[in-house]
Amino acid sequence: MLNALTAQAPDKILALMAAYREDPRDTKIDLGVGVYKDATGLTPVMRAVKSAERQLVETQDTKVYTGLAGDPAFSDALSTLVLGADKPVDRLASVATPGGTGAIRQGLELVRMASPDAKLWLSMPTWPNHPAIAKYLGITVAEYRYFDTDTGGVDFDAMMDDLGRADAGDVVMLHGCCHNPTGANLTLDQWKTVADLLIVRGLIPFVDIAYQGFGDGLDADAAGMRALLAKVPEALIAASCSKNFGVYRERTGLLMAIAPSADKLKVTQGAMSTLNRLNFSFPPDHGARVVTTILTDDALRADWAAELEDVRSGMLGLREALATALRDRVGSDRFGFLAAHRGMFSLLGATPDQVEMMRRDHGIYMVGDSRINIAGLNDRTVPLLADAIVAAGV
Ligand code: PLP
Ligand code: TYF
C-alpha cells in the first residue's frame with residue numbers, strides 16, 4: 001500500500017526553517033517563519049500564560065474529556081475578544097479547534113458539507129495553507145488580485161473587480177488583519193465596501209484572523225472585520241491564539257459561524273461539533289484553558305494586554321527603523337510602505353534571484369516571495385538588512 005505514495009511538496013516556509021538551522025554562519029538572520037521573536041531572538045512564554053499555567057497546575061482536578069465543541073467558557077471568552085461585546089449571540093455557533101489552521105480546516109469542511117460546489121476565493125497572494133487545504137478537500141479555488149507591487153498597498157479596485165465576477169454562494173477568504181504575506185490591509189471604509197459587494201452578489205465571507213493585537217491594537221485590528229460582520233447575513237471566522245498569546249504548540253483556535261437566522265443556530269452548531277468528532281473528537285484543551293483563564297481574570301488580562309502591546313509597538317518601531325534606514329540609503333521613500341504595513345510580515349518586492357543573493361551573500365533568510373518577518377529583526381540587524389536590500393538591487 002505505502003509503495004503507492006508519491007512525494008508531497010514540502011511547505012516552503014517550514015523548509016526555510018531547516019535551511020536556516022543548517023547554515024553554519026553566526027551572522028545569519030532569520031526572517032522566515034512567522035513566529036514572534038524578541039530582540040534577543042527568543043520566543044518567550046508570555047508572563048500571563050506562565051501565571052495561568054501555574055494556576056491550572058494547582059487547581060485543575062481532572063483531565064476528563066471536554067465537549068466536542070471544547071469548553072463553552074473558551075468559546076465565550078475568545079468570541080468576545082474577536083467579535084466584540086455586541087457579538088450576535090443568538091446566531092453564533094463555535095467550536096474549539098487545534099489552532100487557527102484547525103479552524104480553517106474545519107470551516108472549509110463545513111463549506112464543503114453545506115455547499116459542495118461553492119468556489120473559495122483567495123487573495124493573491126495568501127498564506128499557502130489556504131489553497132493547500134482547500135485543494136486537498138476538493139474545493140475549487142479562485143483568486144482575487146489584492147497586492148499592488150508598485151505601491152506596496154492594496155489594489156482595491158482590482159480586488160473589487162475580481163470579486164465582482166464571483167458566483168452567488170461562493171466563499172471569500174479575507175485576512176482579518178495583518179495580511180500574510182503582504183502586510184497590506186484594507187481600511188475600515190474598504191471593509192464596508194467589501195461587505196456591500198458580498199451582499200449584492202450573495203457571497204459568504206470567511207475571515208481568518210491570526211494576528212489580532214499585532215497591528216494597531218486588539219480592537220483596532222478587529223474593527224474592519226466587525227464592521228463587515230455587522231452587515232452580512234452569514235459568515236465564518238477562524239481565530240488563532242498562537243501568536244497573540246504565544247501558545248503556538250498548544251494548538252489553540254476557534255471556528256465561529258454566524259448563522260443566517262437564530263433558528264439555524266442549532267443545526268449549524270451540530271454540524272460543527274460533528275465535524276470535530278469525525279476529525280479528532282475533542283479539541284485540545286490546555287491552551288484554550290490558559291487563554292480562558294487570562295481573559296476572565298482582570299489582572300492577568302491586563303498584564304497579557306500590556307505585554308502584547310509591547311510586542312506590537314516593538315514591531316512598529318522596527319518597521320519605522322527599516323523604512324528610515326532604506327530612505328537614507330536609496331534617497332527616496334520607495335520603501336515607505338514598510339512603515340505603513342501592519343503585523344509581522346511585509347512583502348519586500350524582491351525577485352527570487354535577489355532573495356537568493358541576500359541569503360547567499362548576507363545569510364539573510366526570507367521566504368522566496370520576499371516576505372520578511374519584521375520580528376526577526378533588531379536594532380543591530382536593521383542596517384544589515386537595509387545594506388543587503390540595496391546590494392541586491394531591490
Ligand atoms: N492564518 C494565517 C494567515 C496564519 O499566518 C497562521 C499562522 O500561523 C494561521 C492562520 C494559523 O496558525 P496556527 O494554526 O498556528 O494557529
Ligand atoms: O506564515 C507563517 O510563517 C506562519 C507559521 O505550514 C506557519 O503562519 C507557516 C507554515 C505552516 C504553518 C504555520
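Parameters at a glance
- Residues numbered from 1 in each chain as written.
- Chains lettered and ligands numbered in written order.
- Predicted model: local features only at pLDDT ≥ 70, side-chain atom pairs only at ≥ 80, totals over all residues.
- Buried ≥ 20, exposed ≤ 12 C-beta atoms within 10 Å, placed from the backbone.
- Helix = DSSP H or I, 4+ residues; strand = E, 2+ residues; numbered from the N terminus.
- Pairing = 2+ DSSP bridges.
- Axes fitted to C-alpha atoms, helices over the stretch in contact; angles between N-to-C directions.
- Contact = placed C-beta atoms within 7 Å.
- Near = placed C-beta within 6 Å.
- Nonpolar A, V, L, I, M, F, W, Y, C, P; charged D, E, K, R; others polar.
- Domains from an automatic or database assignment.
- Left-handed = near helix turned anticlockwise from the far one by under 90°.
- Core = buried A, V, L, I, M, F, W, Y, C linked by C-beta atoms within 7 Å.
- Parallel < 35°, antiparallel > 145°, perpendicular 65-115°, else oblique.

Chemist: Any chance you could explain the pairing of strand β10 (residues 253-258) here in plain terms?
Modeler: Looking along a regular strand, one sees the side chains alternate between the two faces of the sheet. Most of β10 sits out of view: six of its six residues are buried. Residues G253, L255 and A257 line one face of β10 and the alternating positions L254, M256 and I258 line the opposite face, and both faces are buried. In terms of strand pairing, strand β9 (residues 235-240) meets β10 through six bridges, oriented antiparallel. Paired with S240 across the strands is G253, a residue of β10.

Chemist: I would appreciate a short explanation of the sheet that holds strand β2 (residues 92-97) in the present structure.
Modeler: The strands making up a sheet associate through backbone hydrogen bonding, with each pair oriented either parallel or antiparallel. Spatial strand order, β2-β10-β9-β8-β7-β3-β4: seven strands in an open sheet with mixed pairing. The open sheet terminates on both sides in strands that have one partner only, identified here as β2 and β4 (141-145). The sheet shows a mean angle of 25° between the axes of neighbouring strands, direction not considered. Sheet topology places strand β7 (residues 171-175) next to strand β8 (residues 204-209); five bridges connect them, and they run parallel. Each residue of the ladder has a partner; that of M173, found in β8, is F206. Packed on one face of the sheet, helix α4 (residues 99-114) meets β2, β7, β8, β9 and β10 and runs near 160° to β9.

Chemist: Just checking my understanding: could you explain the site of ligand 2 for this structure?
Modeler: Every residue close to ligand 2 is listed here: D11, I13, L14, V33, G34, W127, N129 and N180. By residue class, the composition of the shell around ligand 2 is four nonpolar, three polar and one charged. A domain split of the shell around ligand 2 shows at least three residues from each of domain 1 (11-45 + 305-389) and domain 2 (65-296).

Chemist: Hey, could you run me through the packing of α4 against helix α5 (residues 129-136) in this one?
Modeler: For any two helices packed against each other, the geometry is given by the interaxial angle and the distance between the axes. Remark: α4 packs on α5, axes separated minimally by 10 Å, with the N-to-C direction vectors making an angle of 40°. In this structure, α4 crosses over α5, and the sense of that crossing is right-handed. Contacts from T101, I104, R105 and L108 in α4 reach N129, I133 and A134 in α5. Grouping the constituent residues of the contact of α4 with α5 by class yields four nonpolar, two polar and one charged.

Chemist: Help me understand the nonpolar core in this model?
Modeler: Among soluble globular proteins, nonpolar side chains are generally buried collectively. Counting 115 residues, the largest nonpolar core has V172, I237, V291, L322, M344 and L385 as the members making the most contacts within it. Ranked by residue count, the leading element in this core is helix α11 (residues 298-330), at 10 residues. Both domains that furnish three or more residues to this core are identified here as domain 1 (11-45 + 305-389) and domain 2 (65-296). Discounting residues that sit within four places of it in the chain, I237 has contacts with V82, V207, I209 and M256.

Chemist: I keep staring at the packing of α4 against helix α9 (residues 265-279) and nothing clicks. Help me out?
Modeler: In contact at an axis separation of 10 Å, α4 and α9 are set at 120° when each is read in the N-to-C sense. Here α9 runs oblique to α4, going by the angle between their axes. Like other packed secondary-structure pairs, α4 and α9 cross with a definite hand, here right-handed. Judged by residue contacts, Q106, E109, L110 and M113 of α4 engage A271, M272, L275 and N276 from α9.

Chemist: How should the domain arrangement of the protein chain be read in this particular structure?
Modeler: Interface size is commonly expressed as the accessible surface area that is lost when the partners come together. If you check the domain split of the protein chain, you get domain 1 (11-45 + 305-389) and domain 2 (65-296). The centre of domain 1, based on its C-alpha atoms, is set 27 Å off from the matching centre of domain 2. When residues of the side of domain 1 that touches domain 2 are assigned to their parent elements, the largest contribution, four residues, is made by α11.

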